[in-house]
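If you want the building blocks of each chain, they are given just below.
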Amino acid sequence: MPVREIRRLFDDRLSAKSVKEHLAELQAFWEDRGMRLVELSDGWRFQTASELGPRFLRLDEEKPPRYSRAAMETLAIIAYHQPVTRGDIEELRGVTVNPATLRLFEERGWIETVGYRESPGRPALLATTRTFLNDLGLRSLAELPGPDAEPLPDFLLSEALPPSAAADEGPMPLQKEIDFEKQQ
């Protein structure tokens, strides 16, 4: 909820500064509890503490599907290099981008067309949205992890690519290890 809406709840009797001070107090109060008050790109919300996530996942019988590696690479390129065109993504990845991947992220509200490049064909420029930031619990793109950051072990996104998109962009198969000494 944005600060301006919180102010409206109090008939604008509180200033934005005092609302933010009260929110900071509430944030401190909820710090060591099962719920946390967090600031996002478009306001404030209560969310479950991250350390309780694995417990809640046990309540749900169905495991949430994961995005393919190719989809995650595509999303990362958009997030870190925005605004980008489909051609830019293909150049960085070295393979063709499946249109279903981009459509999936557009339908989820994580990416959108923000303009068109002044070049032949006028390709669409893609960028992330506030929904992307909010779903990942970020206030701004500056909070995205850097290249040296440790990956989160249980980082799980809750929606997978449709089968048609995963067919040509699925996870890379592992190579079978060969023991050359046994073959001699």
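Report on the accompanying structure. Sequence order as written defines the numbering, with residues in each chain counted from 1. This being a predicted model, a pLDDT of at least 70 is required before a residue's local features are given, and a value of 80 or more before pairs of side-chain atoms are given or counted; all residues contribute to the totals for chains, interfaces and linings. Note that the side-chain values use all heavy atoms of the structure and ignore hydrogens as well as water.

1. Here's the deal with the pattern of salt bridges
Part 1 of the argument: Any carboxyl oxygen of Asp or Glu within 4 Å of a side-chain nitrogen of Lys or Arg constitutes a salt bridge here. Under the defined criterion, the tally for this structure stands at eight salt bridges.
Part 2 of the argument: Residues Glu73 and Arg69 are paired through a salt bridge, measuring 3.3 Å at the closest nitrogen-oxygen approach. Taken together, the positions of Glu73 and Arg69, both in helix 4 (residues 69–81) and four residues apart, correspond to about one turn of that helix.
Part 3 of the argument: The salt bridge involving Arg86 is made with Glu90; its shortest N-O contact spans 3.3 Å. Residue Arg86 and its partner Glu90 are both found in helix 5 (residues 86–93); the two are separated by four residues, about one turn of the helix.
Part 4 of the argument: Each member of the salt-bridge network shares a partner with another, and the members are Glu39, Arg139 and Glu143. Segments assigned H or I by DSSP are reported as helices when at least four residues long, segments assigned E as strands when at least two residues long, and all are numbered from the N terminus.

2. What about a nonpolar patch on the surface?
Part 1 of the argument: Here a patch means residues that are over 30% exposed by relative accessible area and free of salt bridges, tied together within 9 Å if like-charged and within 5 Å if nonpolar (Val, Leu, Ile, Met, Phe, Trp, Tyr). The protein chains shown are the only cover counted for residues, whose accessible areas, like all others here, come from Shrake-Rupley with a 1.4 Å probe. A contiguous nonpolar surface patch, about 310 Å² in accessible area, is contributed by Met1, Leu9 and Phe10.
Part 2 of the argument: Tracing the backbone shows Leu9 in helix 1 (residues 3–9).
Part 3 of the argument: When accessible area is computed with a 1.4 Å probe and restricted to protein chains, residues below 20% of their type maximum are described as buried, those above 50% as exposed, and intermediate ones as partly exposed. Here Leu9 falls in the exposed class, since its relative accessible area comes to 59%.

Honestly, that's just the spatial picture; any functional story needs more than this.
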